[in-house]
Amino acid sequence: MLSVSRLNAFYGRAHILHDVSLEAASGEVLVLLGRNGAGKSTTMKSIIGIVRPGAGSSVTFAGAEMAGRPPHEIARAGLGYVPEERRIFTDLTVMENLEVGRQAPREGLAPWTPERLFAIFPNLGRMRDRPGGRMSGGEQQMLTIARTLMGNPRLILLDEPSEGLAPVIVEEMANAIRQLKQEGLAVVLSEQNLHFAARVADRAVIIEKGTVRWQGTLATLEDEPEVKAQYLSV
Amino acid sequence: MDFVLIQFLTGLSNASALFLIASGLTVIFGVTRIVNFAHGSFYMLGAYLAWTIVRAFWDWGGREPYLFVLGVLAAAVVVGLIGVAMEMTLLRRIYRAPELFQLLATFGVVLMIQDATLAIWGPEDLPLPRPPWLRAFIDIAGSRFPRYDLILAIIGPVVLALLWLLFHRTRFGILVRAATQDREMVAALGVDQKKLFSGVFFLGSALAGLGGALVLPSQSANLQMDLSIIAEAFVVVVVGGMGSVTGAFLASLLIAEVQAFGIVLLPKITLVLVFLVMAAVLMVRPYGLLGKPQAHARAASGAVEPTLRPAPNILGLAGLAALLIAASAPFWAGAYAITVLIELAVFVLFAASLHLMMGPGGVVSFGHAAYFGLGAYGAALGLRYLALPMEAGLVAAPLFAGFFGVVFGVFVVRLSGVYLAMLTLAFAQIVWAATFQWVDVTGGDNGILGVWPSAWAADKSVYLWLALALCIGGTLLLRRFVFSPFGYGLRAARDSELRAEAIGLDTARLRLAAFAIAAAAAGLAGGVYAYAKGSVFPTYISIPKSVDALLMVLLGGVQTVTGPIVGAIAYHGLFVGILQATAYWRAALGLAIVVLVLAFPQGIAGFARDRWERARGLEAA
């Protein structure tokens, strides 16, 4: 469904991503693992087009080339993006935040409505008219995912969804991601927390210094302590 | 009490028109981050178009009120479409350019619209014929109050309510509010920014056009409407908080009431009053009444400020050659050429002083003409009241301007971005208003005459040498500052305030010092200019003069020290010299500005440097 090959990205003259290649199949949960600053967020931003991929990069999604297209076209093609910083519209209410994310229904997918989303994120349903700025971090995290789902994506990019959340909320988040998978969505998430990743993901890609170092199933990763030690332990 | 009520109502009706214009400006700024100078021109076009359309309707169906309403709305729609046309053809190409470039581009549009209006409607003021129902009065507390003004007073709150509904009850409005906060995220959610921006421009421009059309019955359409309203509209937007419609409403009430009562109670300082209110509000609430700190725009990828480096030797030699040619002018050129060369020397220093603030200082002054004018007035007032000779006057000029640079700078350096630019504009307008209205001291509009050089410098050639010595000397001194530890500290403070403070730099103080030095240098330029002309006028401090300085710096390129010098020579020598000879010089200048902004977003010198370094295989910064 999503195929990234030889993705390069730059901030000014700093070369951040070096020939990153990865694949995500439909219905699969793929996790990008790596330490802070490894290039996970930049990979996501380059896929969605907020960071412009360098020449020669290719990002194909559902058979079409996305590299070089503006973010709104990529989002409309069915690629949802949930940023690490959440970027809730703080002046807008929960319902208004959802409205900003709304797009036309996508063929073959049951369209998301606020009511269906509130079934997954029950907290949000109890604060429909609350401004985003007056919500807790965990509530904002749920809202930012729900907002992206309103665009009826086929694949959703989740940048560090468990970061800074209380353990109870992390549990809710893991459930939500499993539910999305059941709905038939492909999920690509980035994580520093291997335990969280192990509970939701099928496959992992380990990134360090902007380069893919390892990939395989999470079950295989369990058997490779030296890989874990080298790239993931703090 | 009747007087209070009547003045209050007058204030309300003025507030409505002001709110229509300011709300359009603030909505456009909120979403696109463009400070649209041409907004005042849209207001003016609204009045002219209403004059044409309403009269056409009346010719067809009689002078009926409903035809007036239709005509006003039609004028607003046409202006909205003109706004969209400007957005699509011009602004869409420069959304990623530095904000001052955008501002200059819209100023270019101001100039073009001025000449277009002049060409279409002619120079005369155009009043709308007023049928009896437009002239009716209503008895209020024993006084006669124009009924139309009362209706205007109601229109403001009505439009506010309609805008509230639009922004809270429609998808377009919700997207606009979301984009005001984080347009990149809105795009990542699948919203096409281009359509959103065009829609916002239609709305904002139509509001300005509506404002212009609605004031037509009480004022006639005239060619001064654009710049006279834009300064006030900026004040309202800044006082209300940029991007806040409700803030714009409160601020327009505040400003209009201050004006309505000020004109009766304090008639001598009406012009200053508005800007004093603004300065006072910004000191207490730096982001306006309902504004929020602007989210620190994360530098877009690659938008790192290039390093300022000394120019290659060959440029120094070229500069020396140019200086020698200029200094030898008395031996081969005529009197007019010498006058132009003196002006050039003055403007080189003026531009270089602004560059110190804008480039290394990162402080965009929108009212730099204030310090130029303060220098000129410092010399002239010294002559008038202390009988200072020229030698002392040229010392007094930079001191006088530098003193005010410190006083204003204390407030200015606490702000950043657009608010800072607007506060510098406000201070410049205060100075301008003081010179214009304080007739007893400054001579008002008539200026101060007889500011002539001392006998030894009375000869034009000698004065040219003096001007070159002072202005080029001053410019070289400024350059020395840029490459001194002071200049490095200043640039560190610009690039990362937190890190600069963490290594022990007092950033506010550094900026204040830069502000004062730049003001003093501009003051010296003003002093030299005053003695060259023999007179000083309030126009030295006008908005167009500040724009001149910005144009010189930006056209030359803010990223190089040579830039402002090249810019001053190119702007003053070429544009003013050649373009003013044509009948429609404003339109030609405006077009030139727009083309230059589109073609050289780095300025002429920045462009040349890139080419030069690329040709020599060096990596561009």
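Use the structure listed above.
Residues numbered from 1 in each chain as written. Chains lettered and ligands numbered in written order. Predicted model: local features only at pLDDT ≥ 70, side-chain atom pairs only at ≥ 80, totals over all residues. Heavy atoms only, no water.

**Details of the sheet that holds strand β8 (residues 186–191) of chain A**
Residues and elements named next belong to chain A.
Then comes step 1: Spatially, the 6 strands line up as an open sheet ordered β6-β7-β8-β3-β9-β10, and their pairing is mixed. Two strands close off the open sheet at either side, each with one partner strand: β6 (79–82) and β10 (211–217). When strand polarity is set aside, the average angle formed by the axes of neighbouring strands in this sheet is 15 degrees.
Then comes step 2: The pairing of strand β3 (residues 29–33) with β8 spans 5 bridges and is parallel. Its bridge partner lying in β8, L33 is registered against E191.
Then comes step 3: Packing against the sheet, helix α1 (residues 40–48) makes contact with β3, β6, β7 (155–159), β8 and β9 (203–208), and its axis sits at approximately 145 degrees to β7.
Then comes step 4: Sheet strands in contact with helix α6 (residues 137–149) are β6 and β7, and its direction is about 165 degrees off that of β6. (Pairing = 2+ DSSP bridges. Helix = DSSP H or I, 4+ residues; strand = E, 2+ residues; numbered from the N terminus. Axes fitted to C-alpha atoms, helices over the stretch in contact; angles between N-to-C directions. Contact = heavy atoms within 4.5 Å.)

**Examining the pairing of β6 of chain A**
All names here are of chain A.
Then comes step 1: By the alternation rule, side chains of β6 split into L79 and Y81 and G80 and V82, which are all buried.
Then comes step 2: Looking at chain direction, β6 and β7 are connected through 4 bridges and run parallel. Of the residues in β7, the one forming a bridge with L79 is L155. (Buried < 20%, exposed > 50% of the residue type's maximum accessible area, 1.4 Å probe, protein only.)

**Comments concerning the packing of aromatic side chains**
Residue and element names in this part refer to chain B.
Then comes step 1: Evaluation of the coordinates by the stated rule reveals 29 aromatic pairs over all chains.
Then comes step 2: With 6.3 Å between their ring centres and 90 degrees between their planes, F3 and F261 make a pair best called edge-to-face. Within this pair, whereas F3 is found in helix α1 (residues 2–32), its partner F261 is found in helix α10 (residues 245–265), the two being separated by 258 residues in sequence.
Then comes step 3: With a relative accessible area of 36%, F3 lands in the partly exposed category.
Then comes step 4: Taking 6.1 Å as the distance between ring centres and 85 degrees as the angle between the ring planes, the aromatic pair formed by W58 and W133 counts as edge-to-face. One end of the pair, W58, is in helix α2 (residues 39–61); the other, W133, is in helix α5 (residues 132–135), and 75 residues separate them in sequence.
Then comes step 5: Here W58 falls in the buried class, since its relative accessible area comes to 5%.
Then comes step 6: Take W133: its relative accessible area is 23%, and that puts it in the partly exposed class.
Then comes step 7: Through a chain of ring-to-ring contacts, three or more aromatic side chains come together here, namely Y371, F400, F403, F404, F408, F411, F427 and F515.
Then comes step 8: Between R144 and the ring centre of F137, over which it is positioned, the NZ or CZ distance is 4.1 Å. (Phe/Tyr/Trp six-rings, centres within 6.5 Å; stacked < 30°, edge-to-face > 60°. Lys NZ or Arg CZ within 6 Å of the ring centre and 35° of its normal.)

**A few points about the interface of chain A and chain B**
How big an interface is tends to be stated in terms of the accessible area lost upon association of its parts.
Then comes step 1: With 26 residues of chain A at the contact, the number on the chain B side is 24 residues.
Then comes step 2: Overall, the association of chain A and chain B removes approximately 2300 Å² of surface from exposure, summing both partners, and the carbon and sulfur fraction of that is 51%.
Then comes step 3: Of all residues in chain A, R87, F89 and V100 of chain A give up the largest surface area on contact with chain B, accounting jointly for 25% of the area buried on that side.
Then comes step 4: In this structure, the connection of chain A to chain B is made through 4 salt bridges.
Then comes step 5: Close ionic contact of E96 of chain A with R177 of chain B constitutes a salt bridge, the shortest N to O distance being 3.0 Å.
Then comes step 6: Taken together, the links from chain A to chain B amount to 12 residue pairs in polar contact (both at pLDDT 80 or more).
Then comes step 7: Of all elements in the fold, only β1 (2–11), α2 (71–76), α3 (94–101) and α6 of chain A reach the threshold of two or more residues within the side of chain A that touches chain B.
Then comes step 8: Considered class by class, the residues forming the side of chain A that touches chain B number 11 nonpolar, 6 polar and 9 charged. (Buried area = accessible area lost by both parts, 1.4 Å probe. Salt bridge = Lys/Arg side-chain N within 4 Å of Asp/Glu carboxyl O. Polar contact = N/O pair within 3.5 Å; in protein donor to acceptor, adjacent residues only side chain to side chain. Nonpolar A, V, L, I, M, F, W, Y, C, P; charged D, E, K, R; others polar.)

**Observations regarding the sheet that holds strand β2 (residues 14–24) of chain A**
Residues and elements named next belong to chain A.
Then comes step 1: Ordered in space as β2-β1-β4-β5, the 4 strands form an open sheet in which the pairing is antiparallel. Two strands lie at the open edges of the sheet, namely β2 and β5 (64–65), each paired on one side alone.
Then comes step 2: By the bridge criterion, 2 bridges tie strand β4 (residues 58–61) to β5 in an arrangement that is antiparallel. Across the sheet, residue F61 finds its bridge partner in β5, namely A64.
Then comes step 3: With respect to the sheet, α1 is in contact with β1, β2 and β4, its orientation differing from that of β1 by roughly 110 degrees.

**Here we look at unusual backbone geometry**
All names here are of chain A.
Then comes step 1: Residue R87 is not a glycine yet carries a positive backbone phi of 50 degrees.
Then comes step 2: You can see R87 is positioned in the loop between β6 and α3.
Then comes step 3: A positive phi angle is found at K209, which is not glycine, with a value near 50 degrees.
Then comes step 4: Tracing the backbone shows K209 in the loop between β9 and β10.

Remember that the coordinates give geometry; whether it matters functionally is a separate question.
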